[in-house]
Protein chains: 2
Amino acid sequence: MTSSLSKYQEAIEKALSNYQLPEQPANLYDPIRYFLNLGGKRMRPVLTLMSHELFHPEYNRAMAAALSIELFHNFSLIHDDIMDEAPLRRGKETVHSKWNSNIAILSGDVLLVEGFKLLTTYDGTVLKRTLELFNRTATEVCDGQQMDMDFESLDEVPIDDYLKMIRLKTAVLVGCSLEMGAIVGEASDSDCKELYNFGVNLGIAFQLQDDILDVYAHGDQFGKQIGGDIISNKKTYLLLRALEDADEEQKERLRALLQETDPQTKVKGVMALYEELNIREKATQRMNEYHATAMGNLNDIQVAEDKKEALRLLADFLLNRQH
Amino acid sequence: MTSSLSKYQEAIEKALSNYQLPEQPANLYDPIRYFLNLGGKRMRPVLTLMSHELFHPEYNRAMAAALSIELFHNFSLIHDDIMDEAPLRRGKETVHSKWNSNIAILSGDVLLVEGFKLLTTYDGTVLKRTLELFNRTATEVCDGQQMDMDFESLDEVPIDDYLKMIRLKTAVLVGCSLEMGAIVGEASDSDCKELYNFGVNLGIAFQLQDDILDVYAHGDQFGKQIGGDIISNKKTYLLLRALEDADEEQKERLRALLQETDPQTKVKGVMALYEELNIREKATQRMNEYHATAMGNLNDIQVAEDKKEALRLLADFLLNRQH
């Protein structure tokens, strides 16, 4: 797995480092160069290349589409970091912290346009179909970000709304990454659709796993503070599920815990409630359902099974980060 | 002129009011609806329709391209207003004032994507060529905005840099509006290029006129405070030209005036210096040169002269606002 994954990752890093951006105005392009160099696993563009390879042996044909996804993803991170007032991204200063918000707004804008430039290197039907997908996805990611911001001022969020939000904010871009490769590879409409759904379901499963690991990850493999979501009252699947399943007494206890100022007492208390309500199992079950649906989508794609091995392994890899 | 202009303006208003945006998330789409309803002369999309009509009788074919330009323009205004901390736009609250900066960032992002969606309704070569033009222009407008922000922290800006900045920030979008119509009308490469240059030169002339009228407009037709640029030390063509042409004594006087805190003394003093240095005439001459070049571009377009009448009249109208 790792060797197959790193082949794609290296190709993407190389293409990104060869990607020409203007030198001037430096205050516009230096932040973009800086941010693209912060690294990351490049999972989305990897998915584009892998998906394309199901239908066409030469994955480089999909590189422009793969990079357009990566640039879009970075655009959305730069703007989200402003909105979330996040000081750090991947352990380094965010663009608005290192420069300022104005520069972060404008660098993000340019990066979004760069994504479109990459797609515009295609022609004919491939151009039109990748654009239609990209446009729709870009809008949905913004819709999801707005929903997420709106949720902050709500007391309760129905679980269905939460699932819709993570679908829009995170999962559709994973679906888009995969369908992009399929479109460039001139796959059938049905295979395009299955790959898209595979990505969306995988993306939701991944996000649910993120919520679970924030509370239940062991050791430091996960790289984040355990219980950070609990301490910050983040509306995760776990918290919303607990609010829905709690009886009156439990609900009152949970509401009191949300006001608790001592982090240790808070994390311990919320985890005890999660235990009473079987929240970890319920969330894991939900995650597994999405994972199973995703695998069903992958099965339904009309290409030889052995070709799907890389995607299947990558999906398992992404959903087993704690092992 | 007015009747021909209002025909296009009405068609654009109608198309904009028929333009469907989602209802939800309301915090994302309400600001866009609000901002698009603030009005404006819709000059850029009018230019697209007029340009298209040089080559094709049915101007509605260019409506999607015309609206894409208008949406792009509004995207850039929403984001610029955040960066400039502007409380008002066309006498009404800006999006970040009425809602907040996060909502203004995200609404702007969605509006930019909506522009791309409109272009994606075209096919084949028209799709590819309009996109290439739109991408390039969008980047240049951001480059121009960054240059403008960078200029704020500089003591002196060479006039050539200033002209480059207004070309990028303002004029290329006028050129793009015109070439867009020509591409949709399947004009020759040479006519596309002339229309683009016509627009760029017209756009620069228009911006220079803006600088002149801020100081020399009479009465309230112009709708802005007379001398506002002088009071705020805005680096206009007039100020930069005065700094370039001044001798040592004049330069010292000008530098002292830039520190002056009484607005009346400041405006009066700077205007006296402009008078000594013939700045108004020099700026007007420069504006007229760009105007003449623009008219030369229009002449070189290979369509019957009578068809160009609407564009010629509109150019005259735009450059004679004080009469």
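Residues numbered from 1 in each chain as written. Chains lettered and ligands numbered in written order. Predicted model: local features only at pLDDT ≥ 70, side-chain atom pairs only at ≥ 80, totals over all residues. Heavy atoms only, no water.

Chemist: Pulling in residues and values, what's your account of the packing of aromatic side chains?
Modeler: Given two aromatic rings, their pairing is described by the distance between the two centres and the angle made by the two planes. All chains considered together, the criterion is met by 11 aromatic pairs over all chains. Judged by centre distance (5.0 Å) and plane angle (85 degrees), the rings of F116 of chain A and F134 of chain A are edge-to-face. Here the residue F116 of chain A occupies a position in helix α6 (residues 101–119), and F134 of chain A occupies one in helix α7 (residues 124–152), the gap between them amounting to 18 residues. Classification of F134 of chain A by relative accessible area gives buried; the value is 2%. By way of ring pairs, the aromatic residues F72, F75, F116 and F134 of chain A together with F72, F75, F116 and F134 of chain B are connected into one cluster. (Phe/Tyr/Trp six-rings, centres within 6.5 Å; stacked < 30°, edge-to-face > 60°. Helix = DSSP H or I, 4+ residues; strand = E, 2+ residues; numbered from the N terminus. Buried < 20%, exposed > 50% of the residue type's maximum accessible area, 1.4 Å probe, protein only.)

Chemist: Help me get a handle on the interface of chain B and chain A, residues and values and all.
Modeler: Of the residues lining the interface, 38 residues belong to chain B; the matching set on chain A comes to 38 residues. Across the chain B/chain A interface, buried area totals approximately 3300 Å², and carbon plus sulfur atoms make up 67% of it. Looking at the side of chain B facing chain A, the largest losses of area belong to L106, K128 and Q146 of chain B, adding up to 16% of the total buried there. For the pair chain B and chain A, the number of links is two salt bridges. (Contact = heavy atoms within 4.5 Å. Buried area = accessible area lost by both parts, 1.4 Å probe. Salt bridge = Lys/Arg side-chain N within 4 Å of Asp/Glu carboxyl O.)

Chemist: Help me get a handle on the domain arrangement of chain A, residues and values and all.
Modeler: All names here are of chain A. Examined at the domain level, chain A breaks down into domain 1 (1–167) and domain 2 (188–323). Here the C-alpha centroids of domain 1 and domain 2 sit 23 Å apart. Carbon and sulfur atoms make up 71% of the surface buried where domain 1 meets domain 2, a total of about 2500 Å² over both sides. Counting the contacts that link domain 1 with domain 2 gives three salt bridges. Between the two partners, domain 1 and domain 2, sit seven residue pairs in polar contact (both at pLDDT 80 or more). Looking at the side of domain 1 that touches domain 2, the elements with two or more residues in it are α1 (2–18), α3 (43–53), α7 and α8 (159–184). No other element matches the six residues that α7 contributes to the side of domain 1 that touches domain 2. (Domains from an automatic or database assignment. Polar contact = N/O pair within 3.5 Å; in protein donor to acceptor, adjacent residues only side chain to side chain.)

Chemist: Any details on the relation of the copies chain B and chain A? Residues and values, ideally.
Modeler: Mapping chain B onto chain A leaves a residual RMSD of 0.0 Å; the transformation is a rotation of 180 degrees accompanied by 0.0 Å of translation along its axis. One copy is carried onto the other by what is essentially a two-fold rotation axis. Across chain B, the rotation axis passes nearest the C-alpha of G124 of chain B, at a separation of 2.6 Å. Both copies present the same face, since 100% of the interface residues in chain B are matched by interface residues at the equivalent positions in chain A. (Least-squares fit on C-alpha atoms with pLDDT ≥ 70 in both.)

Chemist: Can you tell me about unusual backbone geometry, naming the residues and giving the values?
Modeler: All names here are of chain A. Cis rather than trans, the peptide bond between Q24 and P25 has omega equal to -5 degrees. Tracing the chain through its elements places P25 in the loop between α1 and α2 (26–36). One non-glycine residue, R90, lies in positive phi territory at about 50 degrees. For R90, the location among the structural elements is in the loop between β1 (88–89) and β2 (92–93).

Chemist: Help me get a handle on the side chain of E140 of chain B, residues and values and all.
Modeler: All names here are of chain B. Within the secondary structure, E140 is located in helix α7 (residues 124–152). It turns out E140 is buried and unbridged, and the closest side chain with the opposite charge, R136, is 4.3 Å from it. Every residue in contact with E140, bar those within four places of it in the chain, is listed here: L168, V172 and Y196. (Lys, Arg positive; Asp, Glu negative; His and termini not counted.)

Chemist: Describe helix α12 (residues 248–259) of chain A, naming the residues involved and giving the relevant values.
Modeler: Residue and element names in this part refer to chain A. Helix length check: α12 (12 residues) gives 17 Å between terminal C-alpha atoms against 16 Å at 1.5 Å per residue, within 8%. Here the buried face of α12 lies against α11 (237–245) and α13 (263–276). N-capping of α12 is provided by D247, with a side-chain oxygen placed 3.1 Å from the backbone N of E249. (Expected span 1.5 Å × (residues − 1).)

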